[in-house]
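# Examination of the molecular architecture
Listed below, chain by chain, are the residues.
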Amino acid sequence: MCVTAVESRPAGVLGASQSPVHRPFGARVKAFVALTKPRIIELLLITTVPVMFLAQRGVPDLTLVLLTCVGGYLSAGGANALNMYIDRDIDALMDRTSQRPLVTGMVSPRECLAFGIGLAVVSTLLFGFAVNWLSAWLSLGALLFYVVVYTMILKRRTAQNIVWGGIAGCMPVLIGWSAVTDSLSWAPLILFLVIFFWTPPHYWPLSMKVKDDYARVGVPMLPVIASNKVVARQIVIYSWVMVLVSLLLTPLGYTGWFYTAVALAAGGWWLWEAHALQNRAKAEATGGKLKEMRLFHWSITYVSLLFVAIAVDPFLR
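Below you will find a few notes about this structure. (Residues numbered from 1 in each chain as written. Predicted model: local features only at pLDDT ≥ 70, side-chain atom pairs only at ≥ 80, totals over all residues. Heavy atoms only, no water.)

Attention now moves to the packing of aromatic side chains. For the structure shown, the criterion picks out 12 aromatic pairs. Judged by centre distance (5.5 Å) and plane angle (85°), the rings of Trp-204 and Tyr-238 are edge-to-face. Note that Trp-204 is positioned in helix α10 (residues 186–209) and Tyr-238 in helix α13 (residues 228–246), a separation of 34 residues in sequence. As far as the burial class goes, Trp-204 and Tyr-238 line up, both buried. Grouped by ring-pair contacts, the aromatic residues Trp-164, Phe-196, Phe-197, Trp-204 and Tyr-238 constitute a single cluster. (Phe/Tyr/Trp six-rings, centres within 6.5 Å; stacked < 30°, edge-to-face > 60°. Helix = DSSP H or I, 4+ residues; strand = E, 2+ residues; numbered from the N terminus. Buried < 20%, exposed > 50% of the residue type's maximum accessible area, 1.4 Å probe, protein only.)

Mapped onto the secondary structure, Thr-151 falls in helix α7 (residues 133–154). By relative accessible area, Thr-151 is classed as buried at 2%. For the pair Thr-151 and Phe-197, spaced 46 residues apart in sequence, the C-alpha to C-alpha distance is 19 Å. Residues contacting Thr-151, with those up to four places away along its chain left out, are Asn-83, Ile-86, Asp-87 and Tyr-146. Engagement of the side chain of Thr-151 in a polar contact is seen with the side chain of Asn-83, the distance being 3.0 Å. Of the polar contacts made by the side chain of Thr-151, one reaches the backbone oxygen of Tyr-146; its length is 2.9 Å. (Contact = heavy atoms within 4.5 Å. Polar contact = N/O pair within 3.5 Å; in protein donor to acceptor, adjacent residues only side chain to side chain.)

The next thing to look at is the packing of α10 against α13. Orientation of α10 relative to α13, taken along the N-to-C sense of each, is 155°, at an axis distance of 9 Å. What the angle tells us is that α10 and α13 run roughly antiparallel. As α10 runs across α13, the sense of the crossing is left-handed. In this structure, α10 uses Ile-190, Leu-193, Val-194, Phe-197, Trp-198, Pro-200, Pro-201, Trp-204, Pro-205 and Met-208 to contact α13, whose residues at the interface are Asn-228, Val-231, Gln-234, Ile-235, Tyr-238, Ser-239, Val-241, Met-242, Val-245 and Ser-246. Along the lines of polarity and charge, the residues of the contact of α10 with α13 split into 16 nonpolar, four polar and no charged. (Axes fitted to C-alpha atoms, helices over the stretch in contact; angles between N-to-C directions. Parallel < 35°, antiparallel > 145°, perpendicular 65-115°, else oblique. Left-handed = near helix turned anticlockwise from the far one by under 90°. Nonpolar A, V, L, I, M, F, W, Y, C, P; charged D, E, K, R; others polar.)

Structure below.
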């Protein structure tokens, strides 16, 4: 276990009393939106809405879909804002996070904390009163897991941070199913596992690309403490398990031929890319020759295709 201490407020991180004199309203609005990490939330919604179609075995109530998406955005946005509040010290030292709102001073730490807590409260109440309380507690659980377990406990202490911390990102499939049925079953649990095993091989290639950033601040992402060969081998292992788990839906009767065909084709291409990355790592390729971002970009396409197939499949059975 690696425990890292980082100066809590390095140069570049502004406190409430150090706010810039000139903070235009439009720029401030953009900064608060940036606190929610919209691009990440897009992926969360991609895994939420199709599961609602699967649970309904057709088109779910569109008002329910809208409320679930809004609640999910607010909940994930609150978690991301609180993550930035906690990580503002290391964000100021990493190139990829140096323009985040707390680092630039466009938003003060106090404002960010209040914003994150506010979104958490509003999202929980919205889910509870407009959707159902099972979805509300699942959403709140995901937020607390991401903020407390991943950001505060795991991220700076263990290379398994993204493995177990990724559980928070698995919760939208449970929320999407529970929003429609007010219950859980094997289908969302299988999809939960798909996202669980997808997260490490999705994120580790990006970590390989920016491992110097993580090393600078002492965050022990796997590529920081292990060789590219070791990381690539782990990626291949997780990838195989992910693809095999994704195929369980059909024999259990939840999906048909269309989903199966997409899962096989997309999963097969994923495994090709994962093994190709492993071969390049074994050949000790470095820099641009490692091409680790190919798998990262494909991972986003893969999960999008898989969940679109989940939404379409009920109409073809």
